[in-house]
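# Structural features, examined
One-letter residues, chain by chain:
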Amino acid sequence: MLSKREAFFKNEPPTAKFDPTTRDKLDHKMDKEKENGHPETSGKAPKELDGYVGFANLPNQVYRKSVKRGFEFTLMVVGQSGLGKSTLINTLFLTDLYSADYPGPSYRIKKTVQVETTQVLLKEGGVQLRLTVVDTPGFGDAVDNSNCWQPVTDYIDSKYEEYLNAESRVNRKTMPDNRVHCCLYFITPSGHGLKPLDVEFMKRLHDKVNIIPMIAKADTMTPDECREFKKTILNEIAQHKIKIYEFPECDDEEENKLQKKLKDRVPFAVVGSNTLVSVGGKTVRARQYPWGIVEVENLEHNDFLALRNMLVRTHLHDLKDVTNNVHYENYRYNKLASVATKGKEKAVGSKELNLETAEDEDSGEKYYSVFFSLHKYGI
């Protein structure tokens, strides 16, 4: 009989088995199981209780625990300098993340692409959100932009690596989630489609992070030009087989209508502003021009309100779920599979790999950490 270790190294590891396109099928299957009952108890009608037991209060317990613990969200913004990234972030969360004392990264232009993080604790209605904004000053500003996406991919992979190491520790009580949950990619409002840099960046990162394309400074285009520009961008995204964030399928008809309204606005054409203007007796965030006023939170003027509702109110948790269940699982699977392959190659020369040999090769601790991680996830 083969030992667990020999059985573990017996076969070549298959390719990554997590595909974003299967997420909707799995979610739909789980929803059906919930409707029909547990697979083992399917076919049996749920029993009506004669009195109140109390497990109907479980959602309230989860709610209180979640509020007490707080929430974490990491948002990455990528685009060339001058597209209004810092202004949009301030407008999204109605706070001055970037102020005169601490200007946005676009005002601290670097000769090379760097990754800078800004952390802030937001509180609304008793709920705390630890928001991390990741910016990339210097992106697309050089004459030669070859491999300018490399620092971004390295940063995303490093956060996955930190989380994987935290999962493999003996003490896993404190596991901060610093993984990038969403990437807002700002597209220059040129009206001529995507640049080669835009295509290459999204192709490099679409398997690592949820990408949401956005048209910056949409008030520089007429409504007809904006609609045509959106069609051109979507056609090029489909042509280059770029995978952007997909809205999950819902069984509820009302939610499907809401999802369709959001899908029809992708890529979001947005306008940001830190200026408060009085319009009709109300003070709103807007941009004032000699010929009129562009209101930031007016869906007839731009898609900012739809973006904020999608990003914060309706799909924030789904963005985190896709990051954890698809992108991180792909990274974890490939990482552990590569370690397993190296371990098998080392074990070919001997019939049995003992702990002393593993420690002599400076891999014993790492091997057992990986082995238990694989065993935990059923690989």
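From a predicted model like this one, the values you see are computed outputs, not experimental measurements.

The biggest cluster of nonpolar side chains holds 73 residues, and the ones touching the most others in it are L184 and F201. With seven residues, the top contributor of residues to this core is helix α10 (residues 316-347). Not counting residues up to four positions away in its chain, the partners in contact with F201 are V78, F139, W149, V152, C183 and Y185.

By convention here, two paired aromatic rings are described through the distance between centres and the angle between planes. One pass over the structure, following the stated rule, counts eight aromatic pairs. Ring centres of Y160 and Y331 lie 5.5 Å apart, and the angle between their planes is 40 degrees; this geometry places the pair in the tilted category. On the criterion of sequence distance, the pair formed by Y160 in helix α5 (residues 150-168) and Y331 in helix α10 is long-range, its members being 171 residues apart. The class for Y160 is buried, based on a relative accessible area of 1%. Residue class for Y331 comes out buried when judged on its relative accessible area of 17%. Judged by centre distance (5.2 Å) and plane angle (90 degrees), the ring pair of Y163 and Y328 falls under edge-to-face. Of this pair, Y163 sits in helix α5 while Y328 is found in helix α10, placing the two residues 165 residues apart along the sequence. For Y328, a relative accessible area of 0% puts it in the buried group. A network of ring pairs unites the aromatic residues Y160, Y163, Y328 and Y331 as a single cluster. Directly above the aromatic system of Y163 lies the positively charged group of R179, at a separation of 3.8 Å from the ring centroid.

With that out of the way, let us pick up the pairing of strand β9 (residues 292-295). Across four bridges, the pairing between strand β8 (residues 282-289) and β9 is antiparallel. Paired with R287 across the two strands is V294, which belongs to β9. Linking two consecutive strands that pair antiparallel, namely β8 and β9, is a turn of two residues.

A separate point is α5. Given a rise of 1.5 Å per residue, 19 residues ought to cover 27 Å, and the 27 Å separating the end C-alpha atoms of α5 matches this to within 8%. Of all the residues in α5, the buried ones are V152, T153, Y155, I156, D157, K159, Y160, Y163, L164, A166 and E167.

On to the confidence of the model for the protein chain, then. Scored by pLDDT, the protein chain has a mean of 77; 74% of the residues are at 70 or more. Counting contacts from residues 351-368, a segment whose pLDDT is below 50, to residues more than four positions away or on other chains yields 13 contacts. Low confidence marks residues 374-378, where pLDDT is under 50. Its contacts with residues over four positions away, or in another chain, come to seven contacts.

On to the side chain of E167, then. Tracing the backbone shows E167 in helix α5. What makes E167 buried here is its relative accessible area of 14%. A distance of 2.6 Å separates a polar atom in the side chain of E167 from a polar atom in the side chain of Y328.

Our focus in this paragraph is the pattern of salt bridges. This model, assessed by the stated rule, comprises 14 salt bridges. One salt bridge in this structure joins E72 and R130, with 3.7 Å as the shortest N-O distance. Highlighted residues: E72 in strand β1 (residues 71-78) and R130 in strand β3 (residues 127-135), separated in sequence by 58 residues. With relative accessibility at 34%, the residue R130 sits in the partly exposed group. The residue D157 makes a salt bridge to K208 at a minimum N-O spacing of 3.1 Å. Of this pair, D157 sits in helix α5 while K208 sits in the loop between α6 (196-205) and β5 (211-215), placing them 51 residues apart in sequence. Through salt bridges with shared partners, a single network forms among K230, R265 and D303.

Considering all chains together, one arrives at zero disulfides under this definition. Not engaged in a disulfide, the cysteine C182 finds its nearest cysteine sulfur in C183; these two sulfurs lie 7.0 Å apart.

Turning next to the environment of N298. Relative to the helices and strands, N298 is located in the loop between β9 and α9 (304-314). In this structure N298 comes out as buried when scored by relative accessible area, which is 18%. Once the C-alpha coordinates of N298 and V284 are considered, the two residues, 14 residues apart in sequence, prove to be 9.8 Å apart. Within polar-contact distance, the side chain of N298 engages the backbone nitrogen of E300 at 3.0 Å.

Conventions we followed
Residues numbered from 1 in each chain as written. Predicted model: local features only at pLDDT ≥ 70, side-chain atom pairs only at ≥ 80, totals over all residues. Heavy atoms only, no water. Core = buried A, V, L, I, M, F, W, Y, C linked by side-chain atoms within 4.5 Å. Buried < 20%, exposed > 50% of the residue type's maximum accessible area, 1.4 Å probe, protein only. Helix = DSSP H or I, 4+ residues; strand = E, 2+ residues; numbered from the N terminus. Contact = heavy atoms within 4.5 Å. Phe/Tyr/Trp six-rings, centres within 6.5 Å; stacked < 30°, edge-to-face > 60°. Lys NZ or Arg CZ within 6 Å of the ring centre and 35° of its normal. Pairing = 2+ DSSP bridges. Expected span 1.5 Å × (residues − 1). pLDDT = per-residue confidence, 0-100. Polar contact = N/O pair within 3.5 Å; in protein donor to acceptor, adjacent residues only side chain to side chain. Salt bridge = Lys/Arg side-chain N within 4 Å of Asp/Glu carboxyl O. Disulfide = S-S within 2.5 Å.

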